[in-house]
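What follows is each chain in one-letter form.
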Amino acid sequence: MTALRLIAAAMVAGLLSAPAMAEEIPVFKLQMKDGQMIPPRVVVPAGKKFKLEVMNIGKTPAEFESTPLRKEKVLGPGAESFLVFQPLAPGEYKFFDEFHMKTGQGVIVAK
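In this text the structure is predicted, and so the values were computed from the model without any measurement. (Residues numbered from 1 in each chain as written. Predicted model: local features only at pLDDT ≥ 70, side-chain atom pairs only at ≥ 80, totals over all residues. Heavy atoms only, no water.)

Q: I'd like a rundown of the nonpolar core, residues and numbers included.
A: L30, L52, F64, F85 and I108 are the most contacted members of the largest nonpolar core, which has 20 residues in total. When residues of this core are traced back to their parent elements, those giving at least two are strand 1 (27-33), strand 3 (41-44), strand 4 (50-56), strand 5 (62-66), strand 7 (80-85), strand 8 (91-97) and strand 9 (105-110). Contacts of F64, omitting those with residues within four sequence positions, involve L30, M32, L52, K71, E72, K73, L83, F85, F95, F96 and I108. (Core = buried A, V, L, I, M, F, W, Y, C linked by side-chain atoms within 4.5 Å. Buried < 20%, exposed > 50% of the residue type's maximum accessible area, 1.4 Å probe, protein only. Helix = DSSP H or I, 4+ residues; strand = E, 2+ residues; numbered from the N terminus. Contact = heavy atoms within 4.5 Å.)

Q: Residue-level account of the side chain of N56, with values.
A: Structurally, N56 can be placed in strand 4. For N56, the contacting residues outside a window of four places in its chain are M32, P61, A62, L75, G76, P77, G78 and A79.

Q: Outline unusual backbone geometry, listing residues and values.
A: Note: most residues except glycine have negative phi, and most peptide bonds are trans. Residue I38 is joined to P39 through a cis peptide bond whose omega torsion reads -5°. Of note in the backbone geometry, D34 takes a positive phi value of approximately 50° without being a glycine. Looking at the secondary structure, you find D34 in the loop between strand 1 and strand 2 (36-38). The backbone of R70 sits at a positive phi, close to 55°, despite the residue not being glycine. Residue placement: R70 occurs in the loop between strand 5 and strand 6 (71-75).

Q: I'd like a rundown of the pairing of strand 1, residues and numbers included.
A: In strand 1, alternate side chains face the same way, and those of F28, L30 and M32 are buried while those of V27, K29, Q31 and K33 on the opposite face are not. Once strand 1 ends, the chain turns through two residues before running back antiparallel as strand 2, passing D34 with a positive phi of about 50°. (Pairing = 2+ DSSP bridges.)

Q: Any details on the sheet that holds strand 8? Residues and values, ideally.
A: The strand order across the open sheet formed by five strands is 3-9-8-5-6, and the pairing between neighbours is mixed. Two strands close off the open sheet at either side, each with one partner strand: strand 3 and strand 6. The mean angle between the axes of side-by-side strands here comes to 20°, regardless of whether they run parallel or antiparallel. Here strand 3 pairs with strand 9 via four bridges, running parallel. Each residue of the ladder has a partner; that of V43, found in strand 9, is V109. (Axes fitted to C-alpha atoms, helices over the stretch in contact; angles between N-to-C directions.)

Q: Describe the pattern of salt bridges, and please don't skip the residues or the numbers.
A: One pass over the full model with this rule turns up two salt bridges. The residue E53 makes a salt bridge to K29 at a minimum N-O spacing of 2.5 Å. Within this pair, whereas E53 is found in strand 4, its partner K29 is found in strand 1, the two being separated by 24 residues in sequence. Where E92 meets R41, a salt bridge forms, and the shortest distance between an N and an O atom there is 3.7 Å. Linking E92 in strand 8 with R41 in strand 3, this pair joins segments that are 51 residues apart in sequence. (Salt bridge = Lys/Arg side-chain N within 4 Å of Asp/Glu carboxyl O.)

Structure (structure tokens):
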């Protein structure tokens, strides 16, 4: 019976330590406000997975869209969400707000 308890305790300890061992990905924030990107330039580490938290702080709908990154997310006023990006090669990747094409432009820079 003690061997079974030791095995169970080891399994529980392994499960509890698994989240601590998982590598946390860097998080970047982008606010969208009625055709304005804040900030318009997001610098991320090249070759590393990352998360982009997107918040629409404006009074009109917004859509984060990037053709080269094949990502899009529509947000109503006051909404927030996130996108997870796989590791990017060094370079610049444009994105835009499809609801505000003239002013809603930005770039993700992987360095």
